[in-house]
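Inside the fold
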Amino acid sequence: MGRAYDVMAATCPSRTVLHRIGARWTVFVVNALDGGPRRFTELKGHIRGITPKALTETLRSLEADGLISRHDFGENPPRVEYALTPLGDSLLVPLRAVRSWAEEHVPEIELARSRRSDAETGTG
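Residues numbered from 1 in each chain as written. Predicted model: local features only at pLDDT ≥ 70, side-chain atom pairs only at ≥ 80, totals over all residues. Heavy atoms only, no water.

Across its full length, the protein carries six helices and three strands. Helices and strands appear in the protein in the N-to-C order α-α-β-α-α-β-β-α-α. Taken over the C-alpha trace, the protein has a radius of gyration of 19 Å; the compact-globule value for 124 residues is 14 Å, which it surpasses by more than 25%. Its C-alpha atoms put the protein at 60 × 45 × 25 Å along the principal axes. For the protein, the residues scored as buried account for 25% of the 124 residues in total. (Helix = DSSP H or I, 4+ residues; strand = E, 2+ residues; numbered from the N terminus. Rg over C-alpha atoms; globule rule 2.2 N^0.38 Å. Buried < 20%, exposed > 50% of the residue type's maximum accessible area, 1.4 Å probe, protein only.)

As structure tokens, then:
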């Protein structure tokens, strides 16, 4: 039988995995690669608001974790593509569920935020 992991335990390695998934840009990069391999500039254009530095750091981390692959074509000018690995592809299932939930519940979240803001400022 495999090792039991408990994300609630302070020293459990599964926490590292959750930190990777919960990192600011991970969800966006994985979703952007859902349609197949993309070059750096394609990813940057597709993920609006991400800086080149943040994209580079996220790609390196995802590659180190085995979620994406980097293919350097060895051409001049340089051409590099990033793609999901089978492990990264398996992450799309729960991420799609979270994305769907988020998009479905935007009105409720915005209403709750508005009510809280009104209560804090004494308006409404």
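What follows picks up the thread again.
Side chains of nonpolar character tend, in soluble globular proteins, to be buried together. Grouped together as the largest cluster of nonpolar side chains are 20 residues, with contacts concentrated most on V29, V30, L33, L43, L59, I68 and Y82. For this core, the elements supplying multiple residues, two or more each, are α2 (26-32), α4 (52-64), β3 (80-84) and α5 (86-104). Looking at this core element by element, the count peaks at four residues for α4. Those residues in contact with Y82 that sit more than four places away from it in its chain are L33, G36, P37, R38, F40, L43, L59, I68, S69 and R70. (Core = buried A, V, L, I, M, F, W, Y, C linked by side-chain atoms within 4.5 Å. Contact = heavy atoms within 4.5 Å.)

Right, let's get into the packing of α5 against helix α6 (residues 106-121). It is at 5 Å that the axes of α5 and α6 come closest, and there the two elements cross at 55°. Accordingly, the angle class assigned to the pair α5 and α6 is oblique. Taking contact as the criterion, the partners of W101, A102, E103 and E104 in α5 are, on α6, V106, P107, E108 and I109. (Axes fitted to C-alpha atoms, helices over the stretch in contact; angles between N-to-C directions. Parallel < 35°, antiparallel > 145°, perpendicular 65-115°, else oblique.)

Examined against the element boundaries, S114 turns out to sit in helix α6. Judged by its relative accessible area of 33%, S114 is partly exposed.

Attention now goes to the packing of aromatic side chains. Scanning the model with the defined rule gives one aromatic pair in all. Geometrically, the ring pair formed by W25 and F28 is tilted, given 5.5 Å between the ring centres and 55° between the ring planes. Look at W25 and you get buried, because its relative accessible area is 13%. Since its relative accessible area comes to 45%, F28 is described here as partly exposed. Above the face of the F73 ring, R79 is positioned so that its terminal group lies 3.5 Å from the ring centre. (Phe/Tyr/Trp six-rings, centres within 6.5 Å; stacked < 30°, edge-to-face > 60°. Lys NZ or Arg CZ within 6 Å of the ring centre and 35° of its normal.)

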